Amino acid sequence: MDSLDWNEVLMEVLTALTSPLNLLLLVICLYLLYKICTPQTIEDTISKPVEASLPKLKRKDFTIEELHNYDGKQNEGRILIAVNGKVFDVTKGKRFYGPGAAYGVFAGRDASRGLAKFKLDKETIKDEYDDLSDLKESELEEMREWELQFSEKYDFVGKLLRPGEEPTDYSDVSDTEPNKKEL
């Protein structure tokens, strides 16, 4: 091609770009290309720890009263939730479980009944120890599914103690590896 052909092609391209519809389509294509090429995903954004500065909580067992102190408003903003007798540190999920968040009603509480029944109201979640004996088998199974999800995503920090139950001595258990007998 000689220089005259290139000039004609360039003029046609410039004429096509002056159309508002073509300009809009070009901007949309460039935006989509940018979104595709950037490596950030929704999962990356959600899984980033909100409170990265908090040290890992040492393993210990909690009474229901002690658990109430970890509602995201006290104890440096740390959030603990109990599910089926196991206590998990869900601080990194503060956008879900923190004060005012969608599941904030579970913060510092035993969430087992609420998760089993798919209810997020304060009437469902008791302030005293809940033995869950009145739940149906299907509700118990649902609660166990939630327990599994919590154990895969969040740190296990201890057990929820029944009234009168003695706490476990975790001094001989590694902080990085959960004691399988306790899980």
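Residues numbered from 1 in each chain as written. Predicted model: local features only at pLDDT ≥ 70, side-chain atom pairs only at ≥ 80, totals over all residues. Heavy atoms only, no water.

Engineer: Can you walk me through the packing of aromatic side chains in this structure?
Structural biologist: Note on aromatic pairs: each is described by the distance of the centres and the angle between the planes. Considering all chains together, one arrives at 10 aromatic pairs under this definition. Their ring planes at 80 degrees and their centres at 5.6 Å tell us that F62 and Y70 sit as a pair that is edge-to-face. By relative accessible area, which is 0% here, F62 ends up buried. Its relative accessible area of 15% is what places Y70 among the buried residues. A ring pair is formed by Y97 and Y103, whose centres lie 6.0 Å apart and whose planes are at 40 degrees; its orientation type is tilted. Judged by its relative accessible area of 32%, Y103 is partly exposed. The rings of F88, F96, Y97, Y103, F106, W146, F150, Y154 and F156 are connected pair by pair, giving a single aromatic cluster. (Phe/Tyr/Trp six-rings, centres within 6.5 Å; stacked < 30°, edge-to-face > 60°. Buried < 20%, exposed > 50% of the residue type's maximum accessible area, 1.4 Å probe, protein only.)

Engineer: Where do I start with the side chain of D130 in this structure?
Structural biologist: Take D130: it is sitting in the loop between α6 (112-117) and α7 (137-153). Of the residues examined, D130 reaches a relative accessible area of 8% and is grouped as buried. There is a polar contact of 2.6 Å between the side chain of D130 and the side chain of R113. From its side chain, D130 meets the backbone nitrogen of L132 in a polar contact 3.1 Å long. (Helix = DSSP H or I, 4+ residues; strand = E, 2+ residues; numbered from the N terminus. Polar contact = N/O pair within 3.5 Å; in protein donor to acceptor, adjacent residues only side chain to side chain.)

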